[in-house]
Structures are given as C-alpha cells and as structure tokens.
Amino acid sequence: LEFRRVLFRSTRSVGLTEAGERYLQRVAPALAELLGAAEDLKAAQAGVAGRVRVNAPYVVHETLLRPVLAGFVHAHPAVQLELVLEDGFVDIVAQDFDLGVRLGDSVQRDMVALPLTRRERTCMVAAPAYAERHGLPADAAALREHACIRYRFRSSGAIYRWELRQRGRITEVEVGGSLTVADSLSMADAARDGCGIAYTFERQVAADLANGRLLPVLPALWPTFPGFHFYCSSRRQMAPAVRAFVDHCTAFWAAQAPAVKR
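### A look at the side chain of D98
Piece 1. Looking at where D98 falls in the secondary structure, it is placed in the loop between β4 (79-85) and β5 (99-103).
Piece 2. Overall, D98 belongs to the buried group, its relative accessible area being 17%.
Piece 3. Side-chain polar atoms of D98 contact the side chain of R51, separated by 3.3 Å.
Piece 4. Within the local environment of D98, its side chain forms a polar contact with the backbone nitrogen of R53, the two atoms lying 2.8 Å apart.

Written as structure tokens, this is what we have:
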C-alpha cells in the first residue's frame, strides 16, 4: 500500500485523501470485526467483565429474563447488569442502553436484531368467575358487549386496539371496558381477579390456562407474531459482556420446549 496515495501531509497536519476516505470506509467493518475478535479472546482469557444495560417490557422480564438471571449472575460475577423495565419504545442509543428487547416486527431496520424466541402468540383470557357471571363472547363482534381490560400507552396516551386473526389476516379491534391499565403485567392480574377479559401474551398465562385459573376466549382468533428479539445499534461493536448476556439467554430458551403452538 502506497501511503502517499491515502494520506496527505502538510507542515502542520496529516489527513486522508479522497482515495484514503474510500479505503477507510471499505476496511472499517473488517477492522471492527478484528478488534471485536481480539476483545472476545481477551475476555475469554481474563473472564468476562463490564456493564450491560438492558431495556425491556415488564412481561419480557417476568417470562424470559427473570428465569435466567440467577444463572447469568453466578456465571459472570464481574458483569454489572442493569435492567430498566418499561413497555413503551425508547431510543436505546440516546438513553445509553446496550440492548433492548421487543417483538421482531417492532425492531427498527437500522438496528441489529438477535432472536430470543421463535414465535409468540397473544391470547384473550378470562377467569371462571367472570365467565359464570357474564358468559364468554361467541365472536369478535360480541367483545363489545363485554368488560375488556384495556391498555393505555404511557408515551402517546392512546388505547391499544386488540389485534385478532380473522379471515387469514390480522385486524385491529377497538374494545370497551371500565378498567384501563398502563403496564402489561396488570392485564393478566386483573383477569385473574375476575375484572374482565384480558389480551396478553400466551406465554405469560400458560400456567393459568393449564390449571384452569384462566379460560381461553376465542382461541381461533389468537394471532402469532415474530418472537422477541434483542436489538442493539448497528453502529456499535458488541462488547464481550453484552455478547455473554445475549448468548446465555438465547441458549437457555433454545433448550426449552416452545411456549406457543406452531
């Protein structure tokens, strides 16, 4: 490589020529990979350490992260893990998070997405006590006659419209009800208490459905979505501690039986 073709020199400074700028743009990704590999090797030799800040919805923490935390903390005691839980979307780069967790189809295209689960299904459920008092709807239109537990987005203030699978496609349905909550865990809790029909992730209430504490409502209308994904900025090289956390979580759930029907 002739450095006079990529660098210019003056009496006070050294800079890149136009050809040098093009060369740097081409080799930068490969250089980042080499540096990352060196960091991974260094971490493997010295033990993983560093900070990992994760932003995730409440339901993801309860169902997917909480079961793996003890194992990760014991395996990597030098890692400083910080979890911030909120259901709304955030700019993880602006707010200095290393990772976010969202459904695959909600991850922005300029982010690197790493699958945590394959597929997730949402469901509608109600307690037996509610069904005894009010019955259960026979179709989607009958939902308007029932007490549905609604969800309000904190950021926009909008009420979430339930997404149902009808005639081979997903449609949005506006529901009514006297109870509105602002976090994903409260919907299932309210349904267990007999307050009405909840719309939530099947993974969150699988045990309740299995033991009869909750009843399925219109299961033929339950839609499936791309699974939950870790995501991070494509402009950052993933640090060894961050990679260790992602690998730990994905390996754990890959070994588990799928929580939703395929």
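### A look at the pairing of strand β10 (residues 169-173)
Piece 1. As defined by bridge partners, strand β9 (residues 162-166) adjoins β10 across 5 bridges and the pair is classed as antiparallel. Residue pairing for β10: W162 is matched across the bridge by V173.
Piece 2. Turn length for the β9-β10 hairpin, with the two strands adjacent in sequence and antiparallel, is 2 residues, and the turn residue R167 shows positive phi of about 55 degrees.

### Brief notes about the confidence of the model for the protein
Piece 1. For the protein, mean pLDDT is 86; residues scoring 70 or higher make up 81% of the total.
Piece 2. For the protein, per-element mean pLDDT is lowest for helix α1 (residues 3-6), which scores 50, and highest for strand β13 (residues 215-216), which scores 98.

### Here we look at the nonpolar core
Piece 1. L99, M124, L143, W162, F230 and F245 are the most contacted members of the largest nonpolar core, which has 60 residues in total.
Piece 2. Discounting residues that sit within four places of it in the chain, L143 has contacts with M124, P137, C148, W162, L164, V175, I197 and L218.
Piece 3. Membership of the second largest hydrophobic core comes to 6 residues, among which are F97, V107, M111 and Y231.

### Considering the sheet that holds β5
Piece 1. Ordered by their spatial adjacency, 5 strands build an open sheet running β4-β3-β5-β15-β6, and the pairing between neighbours is mixed. Of all strands in the sheet, those with a lone pairing partner are β4 and β6 (111-115), marking the two edges. Sheet twist, expressed as the average angle between the axes of neighbouring strands with direction ignored, equals 30 degrees.
Piece 2. As defined by bridge partners, strand β3 (residues 50-56) adjoins β5 across 2 bridges and the pair is classed as parallel.

### Comments concerning helix α6 (residues 202-211)
Piece 1. Residues of α6 that are buried include every one of E202, R203, Q204, V205 and D208, and no others.
Piece 2. In the core, the buried residues of α6 are packed alongside α3 (58-75), β7 (119-126), α5 (184-192), β12 (198-201) and α7 (240-254).
Piece 3. Once α6 ends, the next one or two residues include G212, with phi positive near 85 degrees.

### Details of the packing of aromatic side chains
Piece 1. Under the counting rule described, the total for this entry stands at 8 aromatic pairs.
Piece 2. Judged by centre distance (5.3 Å) and plane angle (90 degrees), the ring pair of Y151 and F153 falls under edge-to-face.
Piece 3. A residue is classified by how much of its surface remains accessible, and Y151, at 10% relative accessible area, is buried.
Piece 4. Arranged with centres 6.1 Å apart and planes meeting at 80 degrees, the rings of F153 and Y160 form a pair that is edge-to-face.
Piece 5. The ring of F97 has R53 lying over it, and the distance from NZ or CZ to the ring centre is 4.2 Å.
Piece 6. When the ring centre of W253 is taken as origin, the NZ or CZ atom of R203, which lies over that ring, is 5.4 Å away.

### Considerations on the pattern of salt bridges
Piece 1. The tally for this structure, following the rule as stated, stands at 12 salt bridges.
Piece 2. A salt bridge links R51 to D98, with the shortest nitrogen-to-oxygen separation between them at 3.3 Å. Taken together, the residues R51 in strand β3 and D98 in the loop between β4 and β5 connect sequence positions 47 residues apart.
Piece 3. With a relative accessible area of 36%, R51 lands in the partly exposed category.
Piece 4. With its nearest N and O atoms 3.0 Å apart, the salt bridge here joins R192 to D208. Of the two residues, R192 sits in helix α5 while D208 sits in helix α6, which places them 16 residues apart along the sequence.

### Considering the side chain of D183
Piece 1. Structurally, the position occupied by D183 is in the loop between β11 (180-181) and α5.
Piece 2. Despite its burial, D183 remains without a salt bridge, the nearest opposite charge being carried by R154 at 4.7 Å.
Piece 3. A distance of 3.1 Å separates a polar atom in the side chain of D183 from the backbone nitrogen of L185.
Piece 4. In this structure the side chain of D183 is engaged in a polar contact, spanning 2.7 Å, whose partner is the side chain of S186.
Piece 5. The contact partners of D183, leaving out residues within four places of it in the chain, are Y58, D87, Y151 and R154.

What counts and what doesn't
Residues numbered from 1 in each chain as written. Predicted model: local features only at pLDDT ≥ 70, side-chain atom pairs only at ≥ 80, totals over all residues. Heavy atoms only, no water. Helix = DSSP H or I, 4+ residues; strand = E, 2+ residues; numbered from the N terminus. Buried < 20%, exposed > 50% of the residue type's maximum accessible area, 1.4 Å probe, protein only. Polar contact = N/O pair within 3.5 Å; in protein donor to acceptor, adjacent residues only side chain to side chain. Pairing = 2+ DSSP bridges. pLDDT = per-residue confidence, 0-100. Core = buried A, V, L, I, M, F, W, Y, C linked by side-chain atoms within 4.5 Å. Contact = heavy atoms within 4.5 Å. Axes fitted to C-alpha atoms, helices over the stretch in contact; angles between N-to-C directions. Phe/Tyr/Trp six-rings, centres within 6.5 Å; stacked < 30°, edge-to-face > 60°. Lys NZ or Arg CZ within 6 Å of the ring centre and 35° of its normal. Salt bridge = Lys/Arg side-chain N within 4 Å of Asp/Glu carboxyl O. Lys, Arg positive; Asp, Glu negative; His and termini not counted.

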